[in-house]
Amino acid sequence: MAKEINTIAVLTSGGDAPGMNAATRAVVREALYRGKKVKGIRRGYAGLLNEEIFDMDASSVSDTISRGGTILQTARCVEFVDPKVQEKGAEICRKHGIDAIVVIGGDGSFKGAQKLARLGINTVGVPGTIDLDIACTDYTIGFDTAVNTAMEAIDKIRDTSTSHERCSIIEVMGRHAGYIALWCGIANGAEDILLPEKYDEDQEMKIIEHIKMNKRKGKQHHIVVNAEGIGHSQEMAKRIEEATGMETRASILGHMQRGGVPTCKDRVYATTMGSMAVKLLCEGKSNRVIAHRNGEFCDLDIDEALAMKKTIPDYMYYITNSLV
Ligand code: ADP
Ligand code: F6P
């Protein structure tokens, strides 16, 4: 017989992302609508271990749908990879009467949810990260806001770069994944885009040749979007200036990309996903993750989801070279 679910908790884990509050709000309101008790857990798995657990009602999430960051706060909790610590986490859930948890975060956070599910706490993951690096889903909460924030910043840098006839290297977030760089590179019409997934040693030389060739054609500015995973933007700028004679500046956009008011898409998708997560838990399901695939919202087994691999779409990569 399926376990009865009376109390559902919600936590956010890993890097924050605009739209996480919309997802949290949907979890709270959907669970209350279905007659469940709701508890918030502060600071991800770290807060679970410290028993930072509190009751939530409809007003706990009032005026939050438009707010960036996460009202539940978030943390990276390295100890949670230890099976003994995971058992302690499950024990704390039982102590507080938590039957199920919605975990809003990325792949790392889903691994924690998978372990709790094995220990008898029902879990559903909701994909939240600006990096878009979760293989099972075409959409992650926060990516839309983050790429729009970065795109607007790059437009501004482009204005001054053009006026001064400079090369600008703009570094965007993404330690392991180049999706923000890819999307901004395309949206900002960058001359070169550097992605960790595709980077090779000759890339800098290719940029230098590209600038020289464009100069011969009369082009006096050059935008390079570089992903954080490749980094070294300042050093790259120095070498490019020396080799091309074109004044070069590096700008690292940093954490501003993770903040701000979520876009309409992030609010609507996050709300839908949060609500779906609660529906699954109320149906007695566990160890699932909500995804958006081929234009539809759906859910998958976490084990299956974590085994998937994500690659840069071939055609998007092709146009990063063909349209410059
Ligand atoms: P994200 O969820 O965005 O991928 P992280 O990789 O930093 O971010 O993971 C967030 C948190 O998830 C970690 O700090 C840790 O608490 C938990 N976590 C990560 N990997 C595991 C694992 N293998 N087992 C259990 N918990 C994990
Ligand atoms: O949340 C994802 C992310 O913003 C990555 O793009 C980036 O590499 C990392 O988090 C930065 O983490 P921190 O906030 O710990 O510097």
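Preceding this paragraph is the structure being described.
Residues numbered from 1 in each chain as written. Chains lettered and ligands numbered in written order. Predicted model: local features only at pLDDT ≥ 70, side-chain atom pairs only at ≥ 80, totals over all residues. Heavy atoms only, no water.

A. Structural view of the pairing of strand 1 (residues 7-12). Counting buried positions over the six residues of strand 1 gives six, a clear majority of the element. Burial of strand 1 is two-sided: the residues Thr7, Ala9 and Leu11 facing one way and the residues Ile8, Val10 and Thr12 facing the other way are all buried. After leaving strand 1, the chain enters helix 1 (residues 20-33) and then returns to the sheet as strand 2 (residues 37-41), a path that is right-handed. As paired strands, strand 1 and strand 4 (residues 100-105) are joined by five bridges and run parallel to one another. Looking at the pairing, Val10 lines up with Val102 of strand 4. (Buried < 20%, exposed > 50% of the residue type's maximum accessible area, 1.4 Å probe, protein only. Helix = DSSP H or I, 4+ residues; strand = E, 2+ residues; numbered from the N terminus. Right-handed = clockwise from strand over helix to strand, strands pointing away. Pairing = 2+ DSSP bridges.)

B. Broad picture of the sheet that holds strand 3 (residues 53-56). Read from one edge to the other, the open sheet built from seven strands follows the order 3-2-1-4-5-10-11, with strand pairing classed as mixed. Lying at the two open borders of the sheet, with one neighbouring strand each, are strand 3 and strand 11 (296-301). Shown here is a sheet whose adjacent strand axes are inclined to one another by a mean of 25°, direction ignored. In terms of strand pairing, strand 10 (residues 288-293) meets strand 11 through six bridges, oriented antiparallel. Within strand 11, the position partnered with Arg293 by the bridge is Glu296. Helix 1 rests against strand 1, strand 2, strand 3 and strand 4 of the sheet, and its axis sits at about 180° to strand 1. (Axes fitted to C-alpha atoms, helices over the stretch in contact; angles between N-to-C directions. Contact = heavy atoms within 4.5 Å.)

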